[in-house]
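Each chain, written out:
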Amino acid sequence: MSHCLSARSIDHVILERGEVANSWKTERWDSLRLLTPNWLSRLPGYSYQGDDPDGFRTMPETIAFLEDYATAISAPVRTHSRVTSVRRTDDGYLLSTEQEELRCRSVVVATGACNVGRVPPMAEALLPSIRSLTPIEYRNPDQLERGGVLVVGASASGTQIAEEVHRSGRPVTIAVGEHIRAPRLYRGRDIKWWMDAAGVLDDRYDEIDDIGRARNVPSLQLAGSTDRRTVDLNRLTDMGVRLVGRLAGVADGKAQFSGSLLNQCALSDLKMNRLLERIDAWATVHGLDSDVDPPHRFEPTRVESSPPLGMDLRAEGIRTVVWATGFRPDYSWLDVPVLDRKGRIRHDGGVVDSPGMYLMGLPFLRRRKSSLIDGAADDARDLSDHLVRYLDQGGQN
Ligand SMILES: Cc1cc2nc3c(=O)[nH]c(=O)nc-3n(C[C@H](O)[C@H](O)[C@H](O)COP(=O)(O)OP(=O)(O)OC[C@H]3O[C@@H](n4cnc5c(N)ncnc54)[C@H](O)[C@@H]3O)c2cc1C
């Protein structure tokens, strides 16, 4: 957004509570690599120039990439400037940070979609001897007590953490709710390459059937690694990780799991196959069939016939529960009445329901790729166009 505003000669500042790339510096686990290939983090005027376009950035590499970008575009960042309140004024907004107050005509909320780990209230029913962690707090297995680990949630964070923790010698059980399975490689190419080429990542918010639903679907079950492996439930089962159904409740030291495991996995396989069908159709229409491997389908997710519906956590030696149950934004600093009853900002494709206010970086904000680094460029271009029109019209939406 800063790049787009500078290109349009709009005077602006970026207020950052920490440092550039703060979430990557302070809220990610040590071994994490981006699950998007290096080439798929194109920022306005800046793309990958290294010799490993299909590799996956480590955290230090991701941080360096964003720092270099901020320098390259001379982004006017004020670091260690936490915004503590934003209020509407007659002609714009009044922002307070811990150091200063600023007046502006327009605000872009780009504080991220993943500020807080979502932990269901049932976590409070865990025995005090069991430690709860979210992926934001998790760094590496050494942080955990010896003993069993229950990972709740089987999307990108849950499956990656389950794999790493199990490898450390701690037996892992993973509670599987709704998830979206995806192979790392399909027909010899990265799944993200296919999704980008076939236009899946460009699906628009105003052209799909149920945008409310689309904004809430979990992240693809993918991981970035040097061996490009697929980290799906079959892989976890092969390693010895135990699959159980969605965690439905905790009471008297016992966890209860839903009986929906088989259905959840079948649904996830179905959705994966729908994606592969869309890719195959696109490949045929675009004459790619002779250049890539033939279409194929993956083994369905294997599920034991009667997965347990309950677990005595102490008897099973569970010492840690990792709540990989998603994230939510934190808008506690926003004093403008734009939140709906679920605490989400009311907006139309990032144009917030308050004059001159915009939103960036949320799932399916304007496109399927909106929450990816690669999605920022198109959204910032569209929203900065709107913002410039707004300013030109003297602040009329
Ligand atoms: C575990 C995980 C893995 C991910 N993997 C990938 C991936 O492989 N590829 C990919 O493209 N994307 C990935 N993402 C998504 C990515 O992190 C971001 O959602 C995306 O980069 C959007 O960036 P952003 O700048 O909008 O949000 P963020 O990167 O979250 O940045 C928001 C910034 O706002 C600051 N901030 C928050 N509140 C305040 C305040 N009150 N005052 C001042 N500053 C504030 C934060 O410190 C932070 O620096 C991943 C996300 C997570 C959680």
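See the structure above.
Since the model is a prediction, treat every value here as computed from it, not as a measurement.

What counts and what doesn't
- Residues numbered from 1 in each chain as written.
- Predicted model: local features only at pLDDT ≥ 70, side-chain atom pairs only at ≥ 80, totals over all residues.
- Heavy atoms only, no water.
- Core = buried A, V, L, I, M, F, W, Y, C linked by side-chain atoms within 4.5 Å.
- Buried < 20%, exposed > 50% of the residue type's maximum accessible area, 1.4 Å probe, protein only.
- Helix = DSSP H or I, 4+ residues; strand = E, 2+ residues; numbered from the N terminus.
- Contact = heavy atoms within 4.5 Å.
- Phe/Tyr/Trp six-rings, centres within 6.5 Å; stacked < 30°, edge-to-face > 60°.
- Lys NZ or Arg CZ within 6 Å of the ring centre and 35° of its normal.
- Expected span 1.5 Å × (residues − 1).
- Near = heavy atom within 4 Å.
- Polar contact = N/O pair within 3.5 Å; in protein donor to acceptor, adjacent residues only side chain to side chain.
- Areas by Shrake-Rupley, 256 points an atom, 1.4 Å probe, with all protein chains shown as cover.
- Nonpolar A, V, L, I, M, F, W, Y, C, P; charged D, E, K, R; others polar.
- Salt bridge = Lys/Arg side-chain N within 4 Å of Asp/Glu carboxyl O.
- Pairing = 2+ DSSP bridges.
- Axes fitted to C-alpha atoms, helices over the stretch in contact; angles between N-to-C directions.
- Patch = residues over 30% accessible without salt bridge, like charges linked within 9 Å, V, L, I, M, F, W, Y side chains within 5 Å.
- Lys, Arg positive; Asp, Glu negative; His and termini not counted.
- Charge placed at Lys NZ, Arg CZ, Asp CG, Glu CD.

Chemist: Any details on the nonpolar core? Residues and values, ideally.
Modeler: Ranked by size, the top nonpolar core spans 37 residues in total, and within it Trp24, Val151 and Ile174 carry the most contacts. Every element with two or more residues in this core is listed here: helix H3 (59-72), strand E9 (148-152), helix H4 (156-167), strand E10 (172-176), helix H7 (233-239) and helix H8 (261-285). Looking at this core, the element that brings in the most residues is H3, giving six residues. Sequence-distant contacts of isoleucine 174, defined by excluding residues within four places in its chain, comprise Val151, Gly153, Ala154, Gly158, Thr159, Ala162, Leu236, Val241, Arg242, Leu243 and Val244. Among the nonpolar cores identified, the runner-up in size contains 31 residues, and Met1, Val338, Leu359 and Val388 belong to it.

Chemist: Provide a residue-level description of the packing of aromatic side chains, including the pertinent values.
Modeler: On inspection of all chains with the given rule, the structure shows nine aromatic pairs. Ring centres 6.4 Å apart and planes at 85 degrees place the aromatic pair tryptophan 194 and tryptophan 282 in the edge-to-face group. A residue pair is termed long-range when its members are at least 10 positions apart, and tryptophan 194 in helix H5 (residues 191-197) and tryptophan 282 in helix H8 qualify at 88 residues. Residue tryptophan 194 is classed as buried on the basis of its relative accessible area, which comes to 0%. By relative accessible area, which is 18% here, tryptophan 282 ends up buried. Taken together through their ring pairs, the aromatic side chains of Tyr186, Trp193, Trp194, Trp282 and Phe298 make up a single cluster. The lysine or arginine in question, arginine 57, covers the ring of phenylalanine 65, its NZ or CZ lying 4.0 Å from the ring centre. Here arginine 88 stacks its cationic end above the ring of tyrosine 93, 4.9 Å away from the centre of that ring.

Chemist: Mind laying out H8, listing which residues take part and the relevant values?
Modeler: Relative to the 36 Å expected for 25 residues at 1.5 Å per residue, H8 spans 36 Å between its end C-alpha atoms, a close match to the ideal helical length. For H8, the set of buried residues is Leu261, Gln264, Cys265, Ser268, Asp269, Met272, Leu275, Leu276, Ile279, Asp280, Trp282 and Ala283. Buried residues along H8 sit in contact with E10, strand E11 (180-181), strand E12 (185-186), H5, H7 and strand E15 (242-245). A positive backbone phi angle near 65 degrees is found at glycine 287, which sits one or two residues after H8.

Chemist: How would you sum up the site of the ligand? Please name residues and give values.
Modeler: Near the ligand lie 24 residues; those nearest to it are Glu16, Arg17, Leu35, Thr36 and Ile373. Asparagine 22 places a side-chain nitrogen or oxygen 3.0 Å from an oxygen atom of the ligand. Between threonine 36 and the ligand, the recorded distance is 2.8 Å, taken from a side-chain N or O atom to a nitrogen atom. Here the ligand, which alone exposes 980 Å², has 86% of that area covered by the protein. With three residues, the single largest contributor to the shell around the ligand is helix H2 (residues 22-26). Tallied by class, residues from the shell around the ligand come to 12 nonpolar, eight polar and four charged.

Chemist: Can you break down the environment of methionine 239 residue by residue, with the values?
Modeler: Positionally, methionine 239 belongs in helix H7. Residues in contact with methionine 239, not counting those within four places in the same chain, are Glu163, His166 and Arg167.

Chemist: Which residues make up the pattern of salt bridges, and what are the values?
Modeler: Within the structure shown, the criterion is met by 39 salt bridges. As a salt-bridge pair, glutamate 27 and arginine 17 come within 3.4 Å of each other at their nearest N and O atoms. Of this pair, glutamate 27 sits in the loop between H2 and H3 while arginine 17 is found in the loop between strand E1 (14-15) and H2, placing the two residues 10 residues apart along the sequence. In this structure, lysine 369 and aspartate 202 form a salt bridge, with 2.7 Å as the shortest nitrogen-oxygen distance. Pair noted here: lysine 369 is in the loop between strand E23 (357-359) and helix H9 (376-392) and aspartate 202 is in the loop between H5 and helix H6 (211-214), with a separation of 167 residues, a long-range link. By sharing partners, the salt bridges in this structure join Asp202, Arg366, Arg367, Lys369, Asp378, Asp379, Arg381 and Asp382 into a single network.

Chemist: Give a description of the sheet that holds E15 that names residues and reports values.
Modeler: The strand order across the open sheet built from five strands is E8-E19-E9-E10-E15, with neighbouring strands paired in parallel fashion. Strands at the two margins of the open sheet, each flanked by one partner only, are strand E8 (131-133) and E15. Neighbour-to-neighbour, the strand axes of this sheet turn through a mean angle of 25 degrees, independent of strand direction. Relative to E10, H4 is tilted by about 165 degrees, and along the sheet it contacts E9, E10 and strand E19 (318-323).

Chemist: Let's hear about a negative patch on the surface: which residues, and what values?
Modeler: A cluster of like negative charges, contributed by Asp51, Asp52, Asp54 and Glu61, occupies part of the molecular surface. Note that aspartate 54 resides in the loop between H2 and H3. Exposure remark for aspartate 54: the relative accessible area of 41% places this residue in the partly exposed category.

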